[in-house]
Amino acid sequence: MARYRFEEEEHTMFRKSLRKFLEKEAVPQYEQWEKDRLIPKSFWRKLGDMGFLCPQVEERYGGLGLDFRYGVIIGEEMERVGASLTGVGLHNDITVPYIEAYGTEQQKQEWLPGCISGEYITAIAMTEPGAGSDLANISATAVKDGDHYIVNGQKTFITNGINSTHVLVVVKTDLKAEPKHKGISLLMVEEGTPGFTKGRKLDKVGLHAQDTSELYFEDCKVPAANLVGEENKGFTYLMEKLQQERLVVALAAQIASEDMLEMTIDYVKSRKAFGKPISAFQNTQFKLVEMATEIELGKAFLESLIEEHMAGKDVVSKVSMAKYWLTDTAKKISGECMQLHGGYGYMEEYKIARRYRDIPVAAIYAGSNEIMKTIIAKRMGL
Ligand SMILES: Cc1cc2nc3c(=O)[nH]c(=O)nc-3n(C[C@H](O)[C@H](O)[C@H](O)COP(=O)(O)OP(=O)(O)OC[C@H]3O[C@@H](n4cnc5c(N)ncnc54)[C@H](O)[C@@H]3O)c2cc1C
């Protein structure tokens with residue numbers, strides 16, 4: 001049952017109990033959540049009650065002190081249900097680690113227990129209408145005023161934006177800094193802070209149950225105590241933590257590919273044309289064999305990458321490769337699997353249609369695949 005060579009019996013048990021929980025609490029509700037364009041907060045509380053939120057956090061803050069292997073399992077099992085559950089992975093493995101790594105003792109005591117129980121839902125707000133890939137060029141500002149920062153600006157495409165209670169906002173604190181990335185900081189803005197408003201729930205091509213929204217800050221008065229890490233060091237923190245974010249996205253793409261292959265194999269075996277199952281045609285077999293091969297390659301690459309990441313090695317190039325290649329592969333597989341479903345693949349009641357809509361964004365967010373290639377090229381000395 002172990003999926004990776006580094007999995008031990010307790011990991012398998014954890015995976016089994018999470019899968020059982022999701023089969024009861026998420027699978028039957030998922031379609032409704034897609035219609036509602038939202039996962040209810042009550043589901044987050046259930047995840048918290050079961051210990052599935054931020055299990056890596058130290059026990060003294062209410063966590064379980066587990067390693068990233070458990071994060072891998074949570075991310076994979078969530079993706080198996082549906083791609084919209086990636087907001088949970090964003091909370092567990094992307095946003096909360098900033099608090100753990102750079103937060104003060106007071107911030108950890110104040111925020112981490114709520115993040116673990118599901119009372120608090122986090123988001124990270126980097127992207128703006130005028131700056132996505134070019135992150136250093138953001139225009140949201142935070143100007144120090146006594147023991148507060150006055151924040152002004154707008155963020156967009158923010159995952160968990162509607163549900164979030166705590167948003168880690170990327171702001172400019174040194175407006176004159178050259179190069180620009182040296183003037184960036186991370187500020188935690190809490191729901192209810194005057195001047196902070198949530199915009200509309202964005203209408204997306206896919207990921208329908210995930211709430212993605214705009215956020216506005218208008219003379220928003222944030223306590224200086226909410227600065228996470230040191231002032232003007234935000235960009236360095238982002239570059240460090242974005243590696244795990246990209247790995248999480250690559251893992252999800254791999255699971256999506258595996259899921260699509262599995263459902264397509266089932267379909268082609270049962271669907272008949274010209275007196276035989278579609279699976280008997282050589283074209284079908286070759287397509288499925290090619291996909292299965294790419295999936296095996298992806299899994300082996302990920303396995304070694306997870307190990308290197310956990311060992312604290314420099315994985316920047318390999319993570320960027322995994323992120324672009326696995327998401328591009330999943331995109332390609334989604335089209336081929338839809339094709340093998342014929343017209344039924346284009347119908348909403350078939351899961352392949354949802355996968356087809358959900359996967360393209362993985363090549364865009366967490367740093368677009370083009371940006372991944374620029375990182376690799378630079379590190380190749382080009
Ligand atoms: C569903 C969804 C959820 C998201 N969640 C979050 C979130 O939680 N938090 C957050 O901060 N952001 C989030 N994002 C934003 C996402 O990270 C950005 O959309 C992404 O970084 C790309 O930025 P952009 O949209 O401004 O595109 P642009 O930067 O305008 O890029 C447009 C195109 O130009 C290409 N391009 C840009 N620069 C280069 C270059 N140097 N070389 C070659 N090609 C280049 C890009 O690859 C892309 O193809 C989300 C986006 C989506 C769609």
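Each remark here, short or long, concerns the structure printed above.
Residues numbered from 1 in each chain as written. Predicted model: local features only at pLDDT ≥ 70, side-chain atom pairs only at ≥ 80, totals over all residues. Heavy atoms only, no water.

## Some words on the overall build of the chain
Phase 1: Looking only at helices and strands, the chain features eleven helices and ten strands.
Phase 2: For the chain, the proportion of its 382 residues judged to be buried stands at 54%.
Phase 3: Of the contacts made within the chain by residues no fewer than 6 positions apart, 75% connect residues no fewer than 24 positions apart.
Phase 4: Split by element, the accessible area of the chain, about 17200 Å² in all, is 53% carbon and sulfur.
Phase 5: A gap of 4 Å separates the mean positions of the 48 positive and 55 negative side-chain charges of the chain. (Helix = DSSP H or I, 4+ residues; strand = E, 2+ residues; numbered from the N terminus. Buried < 20%, exposed > 50% of the residue type's maximum accessible area, 1.4 Å probe, protein only. Contact = heavy atoms within 4.5 Å. Areas by Shrake-Rupley, 256 points an atom, 1.4 Å probe, with all protein chains shown as cover. Lys, Arg positive; Asp, Glu negative; His and termini not counted. Charge placed at Lys NZ, Arg CZ, Asp CG, Glu CD.)

## A short note on the site of the ligand
Phase 1: Close contacts around the ligand come from 18 residues, with Thr127, Ser133, Thr159, Ser368 and Glu370 the closest.
Phase 2: One nitrogen or oxygen atom from the main chain of Phe157 is found 2.8 Å from a nitrogen atom belonging to the ligand.
Phase 3: A distance of 2.6 Å separates an oxygen atom of the ligand from a polar atom in the side chain of Ser368.
Phase 4: Against a free-state accessible area of 970 Å², the protein chains account for coverage of 64% of the ligand.
Phase 5: Elements with a contribution of two residues or more to the shell around the ligand: β1 (122-125), β3 (148-159) and α11 (369-379). (Near = heavy atom within 4 Å. Polar contact = N/O pair within 3.5 Å; in protein donor to acceptor, adjacent residues only side chain to side chain.)

## Remarks on the state of the cysteines
Phase 1: Across all of its chains, the model carries zero disulfides by this definition.
Phase 2: Cys54 forms no disulfide, and the closest cysteine sulfur to it belongs to Cys115, at a distance of 5.7 Å. (Disulfide = S-S within 2.5 Å.)

## Overview of the nonpolar core
Phase 1: Residues Phe43, Leu85 and Leu238 are the most contacted members of the largest nonpolar core, which totals 51 residues.
Phase 2: It is helix α5 (residues 86-102) that provides the largest number of residues to this core, a total of seven residues.
Phase 3: With near-sequence residues (within four places) excluded, Leu85 lies in contact with Ala26, Tyr30, Trp33, Ile39, Phe43 and Met78. (Core = buried A, V, L, I, M, F, W, Y, C linked by side-chain atoms within 4.5 Å.)

## Quick notes on the packing of helix α1 (residues 9-25) against helix α4 (residues 68-81)
Two numbers describe a pair of packed helices, the interaxial angle and the distance between the axes.
Phase 1: Where α1 meets α4, the axes come as close as 10 Å, and the angle between the chain directions of the two elements is 30 degrees. Judged by the inter-axis angle, α1 sits roughly parallel to α4. Relative to α4, α1 is oriented so that their crossing is right-handed. Note on element contacts: α4 touches α1 through Arg69, Tyr70, Ile73, Ile74, Glu76, Glu77, Met78, Arg80 and Val81, opposite Glu10, His11, Phe14, Arg15, Leu18, Arg19 and Leu22.
Phase 2: Split into classes, the residues belonging to the contact of α1 with α4 amount to eight nonpolar, one polar and seven charged. (Axes fitted to C-alpha atoms, helices over the stretch in contact; angles between N-to-C directions. Parallel < 35°, antiparallel > 145°, perpendicular 65-115°, else oblique. Left-handed = near helix turned anticlockwise from the far one by under 90°. Nonpolar A, V, L, I, M, F, W, Y, C, P; charged D, E, K, R; others polar.)

## Quick look at α4
Phase 1: A rise of 1.5 Å per residue sets the reference length of α4, with its 14 residues, at 20 Å; its end C-alpha atoms lie 20 Å apart and thus fit the reference within 8%.
Phase 2: Burial of α4 is extensive: twelve of the 14 residues sit out of reach of the surface.
Phase 3: For α4, the set of buried residues is Phe68, Arg69, Tyr70, Gly71, Val72, Ile73, Ile74, Glu76, Glu77, Met78, Glu79 and Val81. (Expected span 1.5 Å × (residues − 1).)

## Some details on the pairing of β3
Phase 1: Pairing between strand β2 (residues 141-145) and β3: five bridges, direction antiparallel. Across the sheet, Asp145 pairs through a bridge with His148, a residue of β3.
Phase 2: When β3 meets strand β7 (residues 212-223), the two strands line up antiparallel, connected through nine bridges. If you follow Lys155 over to β7, its bridge partner there is Leu215. (Pairing = 2+ DSSP bridges.)

## Some remarks on the packing of helix α7 (residues 234-270) against helix α8 (residues 282-310)
Phase 1: Contact geometry of α7 with α8 gives a least axis separation of 10 Å together with a crossing angle of 155 degrees. The orientation of α7 relative to α8 falls into the category roughly antiparallel. Handedness of the crossing formed by α7 with α8: left-handed. Residues Gln244, Leu247, Ala250, Leu251, Gln254, Ser257, Glu258, Leu261, Thr264, Ile265 and Val268 of α7 pack against Thr284, Leu288, Met291, Ala292, Ile295, Gly298, Lys299, Leu302, Leu305, Ile306 and His309 of α8.
Phase 2: Of the residues contributing to the contact of α7 with α8, the split by class is 13 nonpolar, seven polar and two charged.

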